[in-house]
There are 2 protein chains.
Amino acid sequence: MTENHRFCVIMCGGIGSRFWPYSRTDIPKQFIDFLGTGRSLLQMSYDRILSIVPKENIVILTNAMYAEQIKQQLPELTDSQILLEPARRNTAPCIAWAAYHIRAIDPQASIIVTPSDHLITREAEFQKSIIAGFEFVEQNDALLTLGISPTRPETGYGYIQVGDTVEGNVHKVKTFTEKPDLELAQTFLRTGEFFWNSGIFLWRADTIIKALEQYAPDLNAIFEGGNDVYNTPEEQTFINAAYPTCMSISIDYAIMEKASNVYVETVSFGWNDLGTWSALFDMSPKNRDGNVTQRCQVLAYNSHGNIFAVKDDKLIVVDGLQDYIIADAGDVLLICPKSQEQRIKQMVNDVKITYGDKYL
Amino acid sequence: MTENHRFCVIMCGGIGSRFWPYSRTDIPKQFIDFLGTGRSLLQMSYDRILSIVPKENIVILTNAMYAEQIKQQLPELTDSQILLEPARRNTAPCIAWAAYHIRAIDPQASIIVTPSDHLITREAEFQKSIIAGFEFVEQNDALLTLGISPTRPETGYGYIQVGDTVEGNVHKVKTFTEKPDLELAQTFLRTGEFFWNSGIFLWRADTIIKALEQYAPDLNAIFEGGNDVYNTPEEQTFINAAYPTCMSISIDYAIMEKASNVYVETVSFGWNDLGTWSALFDMSPKNRDGNVTQRCQVLAYNSHGNIFAVKDDKLIVVDGLQDYIIADAGDVLLICPKSQEQRIKQMVNDVKITYGDKYL
């Protein structure tokens, strides 16, 4: 089996509401150059996979509203590599479409499915892990998920408990676990059996489609109905009609927690899901006051542990503020203690109730 | 003596740095509609005096850079009523020029000199006090200052101690006092002899010029040198050369604290100098969370006692902030505890050192 059967699906349809208002519906997190490197998180995800998967085998799954931004950020892709979801339906329908689409191109295809908005710092290690993962799923009818070696008792992630080792770093999955409380997370860390659920998957197209047939037959039937049109000019018309009829469900619930051929490859490549302001704060270099600044100038007096995310080179002068998020998006300013960041989703909801979509 | 000898000088050249960045060098405090009434502080000062002084007898003294804003805010004035200072030299040179300029129009002129950026809420009382003041200075060679009945032991103002009563509410001045500490301010309040120095003055043109001759002869000589050009096309050319040679000094230091014919009219017309964010906060209506908002939408969670001054109808979402100033001017955001507001001048200085004039 050569590398040319290897495909990559980058899921790029999220709206990033936990980073509101810095991340907005119109420019969500994955399109932002969070680390100031000149490349957005999406572009970094793309760059990272290029050494493993040929450019023409990369497929972006996104909401239709982001088509132009994707073309702008990844001009090297052809339109046929950008699959536009007409509605938001979580990861299972997205992954099912991608699997049927890619199998129609190459029945022998193996696929890595990856979010577009995570950070990975150790690229060589990432490359080694992904190649090992591809080799495993190419030789086995396996649904492989990547489990990140935990470095702290994080309560914001799901965990995967590993069972027997199959080969190398690949193990059977014993359980999937929802976000634990702190005490449980500390226990998880001590046992050494629990790994963070990364949301990165590898499998062959035929393997995931077989799993869909078995564990999500309704969903599968919808995409099977398009077998004549994938990779034809009619594909989008079919999807526009069929996709909204899918139920909204994650691939974890629909398949991974039910299937028996689920495996986890334990990896350690400097992963951060950048899922929260605190995660971004922790990842980011601090200035001498212990503050993190995103694209702005800050004069800080008696202020430490804050993260300033402000667009357009604005100057912030701040006094007497500890451990806050200060996020300015032009027409919206958010000031919120880092310890309260789980409330931001509720705030966004309140904003929607009060002002409609204007500030979302 | 008829009303037509009555003139008004509105001093309008301040840069409002204590309200930075909401008040900026290019649009200082007096040009802002702080109370959301549709009229700026300057326009309110103008409106207030119109019932006492005929429109054509109102003179605006301002820095040359604000000429266009004045014309825009007070289009009913002619260009000859707007005197443009080529440099900032505090109040004494400004008042001296205005006195010479007005005396050349009307040798019998009496003048009220008033800042443009204070708030006065009881206009009928104001009108009564000003007319009584005009009558006093028209009948006496008096330098009259207005002393506000204090309502709290304010440490941010200068005080005037009254001596013997001359007539009505007019008294001899016993002492001028700098900003007291809290204990002294409390004593001031108890004695009933101390009044806030409002910076509003009344006198005849010839009386103030006589005082300048006696107590500020160097300054006086400069403006006396222009006696041939006031109210001619050459006036501005003369001023452009002469004005910058004046020393920068307040009218209080130059004249009021030295002259023997200084009187104070004690008044009580709902005066607030709006000199600080806290003063503005105290004056302003609070919303149900106890916050004050200036031209913005605020969603506040666990946040009280803050003042939000933000331009352009921006939405602020804030959590866990008590007694802060949040001032957003587009390219600058200030977040500062109200208790630290005396540090804002230093911050502006730091900004100037670090970034030059860009954010001033």
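Reading the values: the criteria
- Residues numbered from 1 in each chain as written.
- Chains lettered and ligands numbered in written order.
- Predicted model: local features only at pLDDT ≥ 70, side-chain atom pairs only at ≥ 80, totals over all residues.
- Heavy atoms only, no water.
- Least-squares fit on C-alpha atoms with pLDDT ≥ 70 in both.
- Pairing = 2+ DSSP bridges.
- Helix = DSSP H or I, 4+ residues; strand = E, 2+ residues; numbered from the N terminus.
- Axes fitted to C-alpha atoms, helices over the stretch in contact; angles between N-to-C directions.
- Contact = heavy atoms within 4.5 Å.
- Buried < 20%, exposed > 50% of the residue type's maximum accessible area, 1.4 Å probe, protein only.
- Lys, Arg positive; Asp, Glu negative; His and termini not counted.
- Salt bridge = Lys/Arg side-chain N within 4 Å of Asp/Glu carboxyl O.
- pLDDT = per-residue confidence, 0-100.
- Buried area = accessible area lost by both parts, 1.4 Å probe.
- Polar contact = N/O pair within 3.5 Å; in protein donor to acceptor, adjacent residues only side chain to side chain.
- Nonpolar A, V, L, I, M, F, W, Y, C, P; charged D, E, K, R; others polar.
- Phe/Tyr/Trp six-rings, centres within 6.5 Å; stacked < 30°, edge-to-face > 60°.
- Lys NZ or Arg CZ within 6 Å of the ring centre and 35° of its normal.
- Parallel < 35°, antiparallel > 145°, perpendicular 65-115°, else oblique.
- Left-handed = near helix turned anticlockwise from the far one by under 90°.

### Re the relation of the copies chain A and chain B
Argument step 1. Mapping chain A onto chain B calls for a rotation angle of 180° and an axial translation of 0.0 Å; the resulting RMSD is 0.0 Å. These values place the two chain copies in the arrangement generated by a two-fold rotation axis. Residue Gly 330 of chain A, judged by its C-alpha, is the member of chain A lying nearest the rotation axis, at 3.8 Å.

### Examining the sheet that holds strand E15 (residues 315-319) of chain A
Argument step 1. Taking strand neighbours across the sheet as the criterion, the 6 strands line up as E13(A)-E15(A)-E17(B)-E16(B)-E14(B)-E12(B) in an open arrangement whose pairing is mixed. Of all the strands in the sheet, just strand E13 (297-301) of chain A together with strand E12 (292-294) of chain B have a single pairing partner and so form its edges. Adjacent strand axes in the sheet meet at a mean angle of 5°, parallel and antiparallel pairs treated alike.
Argument step 2. Relative to strand E14 (residues 307-310) of chain B, E12 of chain B runs parallel, the two being bridged by 3 bridges. In the strand pairing of E14 of chain B, Val 292 of chain B is matched with Ile 307 of chain B.
Argument step 3. The strands touched by helix H11 (residues 344-355) of chain B are E13 and E15 of chain A together with strand E16 (324-328) and strand E17 (332-337) of chain B; relative to E13 of chain A, the strand with the most contacts, the crossing angle is about 140°.

### Let's talk about the sheet that holds strand E12 (residues 292-294) of chain A
Argument step 1. A sheet is described by the order of its strands in space; here 6 strands give the open sequence E12(A)-E14(A)-E16(A)-E17(A)-E15(B)-E13(B), paired in mixed fashion. Only two strands of the sheet have a single neighbouring strand rather than two, namely E12 of chain A together with strand E13 (297-301) of chain B. Between one strand axis and the next, the sheet turns by 5° as a mean value, whatever way the strands run.
Argument step 2. As defined by bridge partners, strand E17 (residues 332-337) of chain A adjoins strand E15 (residues 315-319) of chain B across 4 bridges and the pair is classed as parallel. Residue Val 332 of chain A lies in a different strand from E15 of chain B, and its bridge partner there is Leu 315 of chain B.
Argument step 3. Its contacts with the sheet place helix H11 (residues 344-355) of chain A against strand E16 (324-328) and E17 of chain A together with E13 and E15 of chain B, and it is angled at close to 140° to E13 of chain B.

### Quick word on the pairing of strand E7 (residues 159-167) of chain A
Residue and element names in this part refer to chain A.
Argument step 1. Taken together, the 6 bridges between E7 and strand E8 (residues 170-177) define a ladder with antiparallel strand orientation. Counted as the bridge partner of Gln 161 is Thr 175 from E8.
Argument step 2. The turn joining E7 and E8, which pair antiparallel and follow one another in sequence, is formed by 2 residues; a positive phi near 50° is taken by Gly 168.
Argument step 3. In this structure, E7 lies alongside strand E9 (residues 194-204), joined through 3 bridges in antiparallel fashion. When the sheet's bridge partners are listed, Tyr 159 is paired in E9 with Trp 196.

### Section: the side chain of Glu 341 of chain A
Argument step 1. Within the secondary structure layout, Glu 341 of chain A lies in the loop between E17 and H11.
Argument step 2. Of the side chains bearing the opposite charge, Arg 18 of chain A lies closest to the buried Glu 341 of chain A, which forms no salt bridge; the N-O distance is 7.9 Å.

### A look at unusual backbone geometry
Residues and elements named next belong to chain A.
Argument step 1. Pro 21 follows Trp 20 through a cis peptide bond whose omega is 0°.
Argument step 2. Relative to the assigned elements, Pro 21 resides in the loop between strand E1 (6-11) and helix H1 (41-49).
Argument step 3. Even without glycine at this site, Asn 90 takes up a positive phi of about 65°.
Argument step 4. Counting through the fold element by element, Asn 90 comes out in the loop between strand E3 (82-85) and helix H3 (91-105).
Argument step 5. Residue class for Asn 90 comes out partly exposed when judged on its relative accessible area of 42%.
Argument step 6. A positive phi angle, near 65°, is found at Asn 231, a position not held by glycine.
Argument step 7. Topologically, Asn 231 is positioned in the loop between helix H7 (217-224) and helix H8 (235-242).

### Observations regarding the confidence of the model for chain A
Low pLDDT marks stretches whose predicted atomic positions should not be read closely.
Argument step 1. When pLDDT is averaged across chain A, the result is 92; 99% of the residues are at 70 or more.
Argument step 2. Taken together, the chains of this predicted complex give a pTM of 0.77 and an interface ipTM of 0.76.

### Brief notes about the interface of chain A and chain B
Argument step 1. Tallying the contact residues gives 35 residues for chain A and 35 residues for chain B.
Argument step 2. Between chain A and chain B the total buried area reaches about 2800 Å² when both faces are included, carbon and sulfur atoms providing 57% of it.
Argument step 3. The interface formed by chain A and chain B includes 20 residue pairs in polar contact (both at pLDDT 80 or more).
Argument step 4. Of all the secondary-structure elements, those providing two or more residues to the side of chain A that touches chain B are E13, E15, E16, E17 and H11 of chain A.
Argument step 5. At 6 residues, the largest contribution of residues to the side of chain A that touches chain B is made by E17 of chain A.
Argument step 6. Considered class by class, the residues forming the side of chain A that touches chain B number 21 nonpolar, 6 polar and 8 charged.

### Re the packing of aromatic side chains
Argument step 1. Counted according to the given criterion, the structure contains 32 aromatic pairs over all chains.
Argument step 2. Considering the side-chain rings of Tyr 22 of chain A and Trp 277 of chain A, the 6.1 Å spacing of their centres and the 50° angle between planes classify their relative orientation as tilted. With Tyr 22 of chain A in the loop between E1 and H1 and Trp 277 of chain A in helix H10 (residues 277-283), this residue pair connects regions lying 255 residues apart in the sequence.
Argument step 3. Trp 277 of chain A gets classed as buried once you look at its relative accessible area, which sits at 0%.
Argument step 4. On the numbers, 5.3 Å between centres and 90° between planes, the contact of Tyr 355 of chain B with Tyr 359 of chain B is edge-to-face.
Argument step 5. Exposure remark for Tyr 355 of chain B: the relative accessible area of 22% places this residue in the partly exposed category.
Argument step 6. Every member of this aromatic cluster is reached through a ring pair, and the members are Phe 19, Tyr 22 and Trp 277 of chain A.
Argument step 7. The ring of Phe 126 of chain A carries Arg 48 of chain A above its face, with NZ or CZ at 5.7 Å from the centroid.
Argument step 8. In this structure, Lys 338 of chain B packs its charged tip against the face of Phe 281 of chain B, placed 3.2 Å from the ring centre.

### So, the packing of helix H3 (residues 91-105) of chain B against helix H7 (residues 217-224) of chain B
Residue and element names in this part refer to chain B.
Argument step 1. The interhelical angle for the contact between H3 and H7, taken along N-to-C directions, is 40°, at an axis separation of 10 Å. With respect to H7, the element H3 is oriented oblique. In the packing of H3 onto H7, the handedness of the crossing is right-handed. Residues Ala 92, Pro 93, Ala 96, Trp 97 and Tyr 100 of H3 pack against Leu 219, Asn 220, Phe 223 and Glu 224 of H7.

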